[in-house]
Each structure stands twice: as structure tokens, then as C-alpha cells.
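Residue strings, one per chain:
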Amino acid sequence: MPFTIYGIVITFICGGIYLFSKSKKQRFINLLIVSMFCYLNIDLGYCYKIGGATIASFVLVALFTSVASLGLLHKLNRSVKKWMVLLMGLIIVGLIMLKVKSYYCVSPDVGWDIYLFGKDNRVYLTLGFTQFKELIKAISFILVLSVSYSILSYGDWFRVVRKLSVLSKFTIIYNLFEVFYVYVLGKNNIYTVLLQPIFGLKGSTYTKTVSIGEFFRLQGLFTEPSLYSICLFMNIILYALDIYFLNHSVIVGGKRKKILLNKAAIAVNLVLMCISMSLTSVLFIFILVVFYVVYKCKTNPKLIVPILTAVGVCAVVFVKIGFEMVQSGSYYGERIMGCLKIISTIFTTDDYQHYYDSIKQYNVDGSSIARIGSSIANIRMTLPENYLVGVGIGNSSAHSFTSCLITDLGILGSLVWVKFAFFSNKYGGKLYTIMILLYLAFMMFTSSVHVFGTDVILMSLFFGVIYAGKDKYKKEEKLIGSLVYLSQG
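Just so it is clear, the model here is predicted, and its values are computed rather than measured.

A.B. asks: Please give an account of the overall build of the protein chain that cites residues and values.
C.D. replies: The helix and strand tally for the protein chain stands at 19 helices and eight strands. Taking all 489 residues of the protein chain together, the buried fraction comes to 54%. Taking all contacts inside the protein chain whose residues are at least 6 apart in sequence as the whole, residues at least 24 apart take part in 75%. Of the accessible surface of the protein chain, which amounts to about 21600 Å², a share of 68% is contributed by carbon and sulfur atoms.

The structure is reproduced here in C-alpha cells:
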């Protein structure tokens, strides 16, 4: 079937926003909300199928949003425009280099699973449909971020976060239903029974809730558990932002209830992360703890010593638990051991075949090899093909966001991407910079987040309002932030 019920609904929503919005800015903001909602909450089916290719919902809405942004390009501030042009230029240069220079790398069409099989699947990279799709995403990403950072006020961000927070809570209803369906009823065919008629399925390996031994892994409205874990993490960040904005508004009616609802949503998402049986969830819970500890130390320096003491005690406890898991051969213990076994191999070889031959001797799970192995091996073995501008967007196959960013765009391109994505907005400061670098280091070991995804807007806003020392929104926050919310929200 060339379309799905979900695809038709999304298309009508975007078309209605485009036709009936009162202004260009209003149209852009509403489409941005829909785009971020789809990206953060749904990656299951396709909207439309053209031949053998499918168009995902977040791509379709991102295209609508980027078209809406074209009418606002004349309002871009000078700094944003400069970095936008530079990043786009480096991306194009990287793709042109594919025609000039032959890169012998792991095929992007094979994907990160090649690290499970111990095969050398390198090919000479070419400029094809995969790179064209990634270029469309990159252009859309650059346009949307440029307009967002240039024209949205504090009050606009308030409204975007508030509406996203409300919409995202509806997905919690489905997530809880999945828990009931899987853990209470003991069934695991929720995709084919409930979701396929609405979403179609875009050819994922996972056509049902994945079963591992005695455990069922939750997936939400996603094609695999690690994507679901990232969804839960991003929504926790969203709810934290909503709490911040509500606490800094003059709203009286319902303010306390909204804050409590956000805190309850955070608690539910944390529980879902814990029972999702995903290594990605464990990683994201860790980084959330780090975010919270740094925030508490920033807001109340007197708590630094007791907080760090508590963190130290917890670290010792978790190390002890991890050691016991490894000894007992439990699910997570196997993954911990797998990660430890392959680290030495990665750092001692620059040769693909030797790397593959070495990991064959280890009886470790594929996910550990994929995350730890591919993330570092990709940089060690792919980046040398072109240190400056990378091997071209869409050409990395590592299970690592940061690794793919560095090898796709090169060192220069990656630095420009970070500058554009996180430092061309209205935030800055030492702690802001440190937290961004910490986040990118953490993202070295997990993937399923697109280099050109709108989650960057959410993370940039989060780091800005929570950790930034320099905040050009401060005057807007005091003077018009609450008034804009009251008039538009």
C-alpha cells in the first residue's frame, strides 16, 4: 500500500497548518511543534511509499517545516547566517570529494550489524541515493535551526515546549498500554495486531515486541528498543524544560498541577527506561543523573560536598552490582563483560580484518560490539580517509552518533556543526560548553539519533536555560516571556 492512515493524518495536519496559519511565523512555529513531536515520539511506520523507498513521518513534517522557513530567511541574524552557509558549504564539499577521491570504507547500506559477523564489508564509497536523502535532511535541519535561533523569542520557546509537553504525554498512554499488553497479558505481537493497520511497518527486523530469553523488551512507537530509550530520555528533558518555564512564569491557574503532572511523567518515563531491557536506557539514566547533579551543584553550591559524597557512595554500590552481574552471567552482566573484552582490541589495531578476526574469539553479545566496537573503530579506520571534511554525509555505519558526526563531516565539519547547532543561539558560558562536550562524549556510545535531527534544538534549549552563564533571553524572560505565553498559550 503506497500510504498509511498515519501518513494521511499527518499530511492533513501539516497542510491545514500551512494553509490556515495567520502569519508566516505562526505557521513555522506550529509546524516545528509537529515536526519535533513526530521526531521525538514516533519512528515506527512510513507516511508514503514510493517504489521501494519509504518516507518517514518526521522527514515529511521536516520538509513542510523547512519550506515554511524559506519565507523567514530574510530575518536571519548575521552570526547564524554565517555558520549556516559555512556548514552547508562543507557538506557539499564533502559530497563532491566522493567523486574526486575513492574512500574504501564499510558500506553505509550494510549498517552497524556488520560488526556482529566478523566480516570485512568495505566498499569504494559512491555518491548515490543514500547521500541524496541525507542531503535533504541536512538542508532541512540547517534551515529549521537557522530560523528557530534567529526569530523565536523566549515566549515562543515557552509555547513550543508547553505544547510539545502536552502532546508527548499522550504517548505515555500507549507506553503504559504496551506494558500491560506485554507484562500482564504476556503477549508480544502488539505490532502486527494493533499498529500495522495504522502505521504500516517500514521493513524493520522487529515486527513484534522483541523477546530475549525470559524477557520482553519494550519498544513504544519505535522499530527497536534503543530508539525507544532515546524517546523516553528526550521526553524527560522536555518535561524538565516545561517545569523550568512554568516556574518562571506568572501563571497562577493550574500552574502547580502542570508541574506535578510533568514530574509524574518524568517518573513514569524513568520506570519505563528501567524495564525496557535496553543498554541504551542504562546509559541515558546515567547521563540524566549527571545532568541533575550538576544542576543542583550550580543552583546551591553548599550542596556540592554532600552531593558528591552521595554520588561516590552510589558509584561504589553500582560497581559492586555490576561486578555481581558479570559473575552471575546476567543479561546486563553479559553486556558489561562484552564491552570490557573488546576495548583492548579496538585500540591496538588499525586493520579491519585483524579487528574482525580478534573479536571472533570473544563470546560477547552483538550490541556491545556494535556500540563500543563500531564507535571507536569507525573513527580509527574511516576518519583517516579524509580528516578535514570526512567521507560525506550518510556514509558512516557505526552505532554511534558522535562517531558518525566526525567521520561524515570530518574534524573541520564537526567543529562547524557544533558551533552552528549549539553556539549560534543566544546562550553561552563555560558550564554550558562543558555540558555540551560531556553530552557529545556520552553520545559516542549510543546511536539511533540522527546527526540532522530536531532533537538538537531541544538539547540546545535545555543546556541553555539550565546551565548557560550567558543568556540573551534574560530581558525577554522578565519583560515579555509570561505575557506572550498568556496571550498565545
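What follows picks up the thread again.
A.B. asks: Please set out the side chain of T402 residue by residue, giving values where relevant.
C.D. replies: Take T402: it is sitting in helix α16 (residues 401-423). Side-chain polar atoms of T402 contact the backbone oxygen of L440, separated by 2.5 Å.

A.B. asks: Can you lay out the packing of helix α17 (residues 430-442) against helix α18 (residues 455-467) for me, pointing to particular residues and giving the numbers?
C.D. replies: α18 packs onto α17 with a crossing angle of 140° between their chain directions and a minimal axis gap of 9 Å. On the basis of the axis angle, α17 is oblique to α18. When the axes of α17 and α18 are compared, the crossing they make is right-handed. Across the interface between the two elements, L431, Y432, M435, I436 and Y439 from α17 touch D455, M459, S460, F463, G464 and Y467 from α18. For the contact of α17 with α18, the residue count by class is eight nonpolar, two polar and one charged.

A.B. asks: With reference to specific residues and values, describe α16.
C.D. replies: In this model α16 runs just 19 Å from its N-terminal to its C-terminal C-alpha over 23 residues, more than 12% under the 33 Å that 1.5 Å per residue would give. The principal kink in α16, of about 115°, is found at G410. The element α16 is extensively covered by neighbouring structure, given that 17 of its 23 residues are classed as buried. Two or three places before S403, at the start of α16, stands the capping residue S400, its side-chain oxygen 3.1 Å from that residue's backbone nitrogen.

A.B. asks: Describe in detail the confidence of the model for the protein chain, supporting the description with residues and values.
C.D. replies: Mean pLDDT over the protein chain works out to 78, with 75% of the residues at or above the 70 mark. Segment residues 210-214: pLDDT under 50, and eight contacts once partners within four positions in sequence are set aside and those in other chains are kept. Here residues 478-489 scores under 50 on pLDDT; set against residues more than four positions off or in separate chains, the count is 21 contacts.

A.B. asks: Give me the lowdown on the packing of aromatic side chains, citing residues and values where you can.
C.D. replies: Throughout the structure, instances matching the rule amount to 22 aromatic pairs. The interplanar angle of 75° and the centroid separation of 6.4 Å between the aromatic rings of Y154 and F158 together place this pair among those described as edge-to-face. On the criterion of helical spacing, the pair formed by Y154 and F158 is a turn pair, its members being four residues apart in helix α7 (residues 154-184). Of the two residues, Y154 and F158, neither departs from the other in class, the shared state being buried. The ring of Y18 has R27 lying over it, and the distance from NZ or CZ to the ring centre is 4.6 Å.

A.B. asks: Provide a residue-level description of a nonpolar patch on the surface, including the pertinent values.
C.D. replies: Residues F177, F180, Y183, V184, L185 and L194 make up a contiguous nonpolar surface patch of roughly 540 Å² in combined accessible area. Among the elements that line the nonpolar patch, the one with the most residues is α7, at four residues. Looking at the secondary structure, you find V184 in helix α7.

A.B. asks: I'd like to hear about the environment of K163, residue by residue, with values.
C.D. replies: Considering the arrangement of structural elements, one finds K163 in helix α7. Among the residues examined, K163 registers a relative accessible area of 33% and is labelled partly exposed.

Analysis parameters
- Residues numbered from 1 in each chain as written.
- Predicted model: local features only at pLDDT ≥ 70, side-chain atom pairs only at ≥ 80, totals over all residues.
- Heavy atoms only, no water.
- Helix = DSSP H or I, 4+ residues; strand = E, 2+ residues; numbered from the N terminus.
- Buried < 20%, exposed > 50% of the residue type's maximum accessible area, 1.4 Å probe, protein only.
- Contact = heavy atoms within 4.5 Å.
- Areas by Shrake-Rupley, 256 points an atom, 1.4 Å probe, with all protein chains shown as cover.
- Polar contact = N/O pair within 3.5 Å; in protein donor to acceptor, adjacent residues only side chain to side chain.
- Axes fitted to C-alpha atoms, helices over the stretch in contact; angles between N-to-C directions.
- Parallel < 35°, antiparallel > 145°, perpendicular 65-115°, else oblique.
- Left-handed = near helix turned anticlockwise from the far one by under 90°.
- Nonpolar A, V, L, I, M, F, W, Y, C, P; charged D, E, K, R; others polar.
- Expected span 1.5 Å × (residues − 1).
- Bend = angle between axes of the 7 residues up to and from the residue.
- pLDDT = per-residue confidence, 0-100.
- Phe/Tyr/Trp six-rings, centres within 6.5 Å; stacked < 30°, edge-to-face > 60°.
- Lys NZ or Arg CZ within 6 Å of the ring centre and 35° of its normal.
- Patch = residues over 30% accessible without salt bridge, like charges linked within 9 Å, V, L, I, M, F, W, Y side chains within 5 Å.
- Salt bridge = Lys/Arg side-chain N within 4 Å of Asp/Glu carboxyl O.

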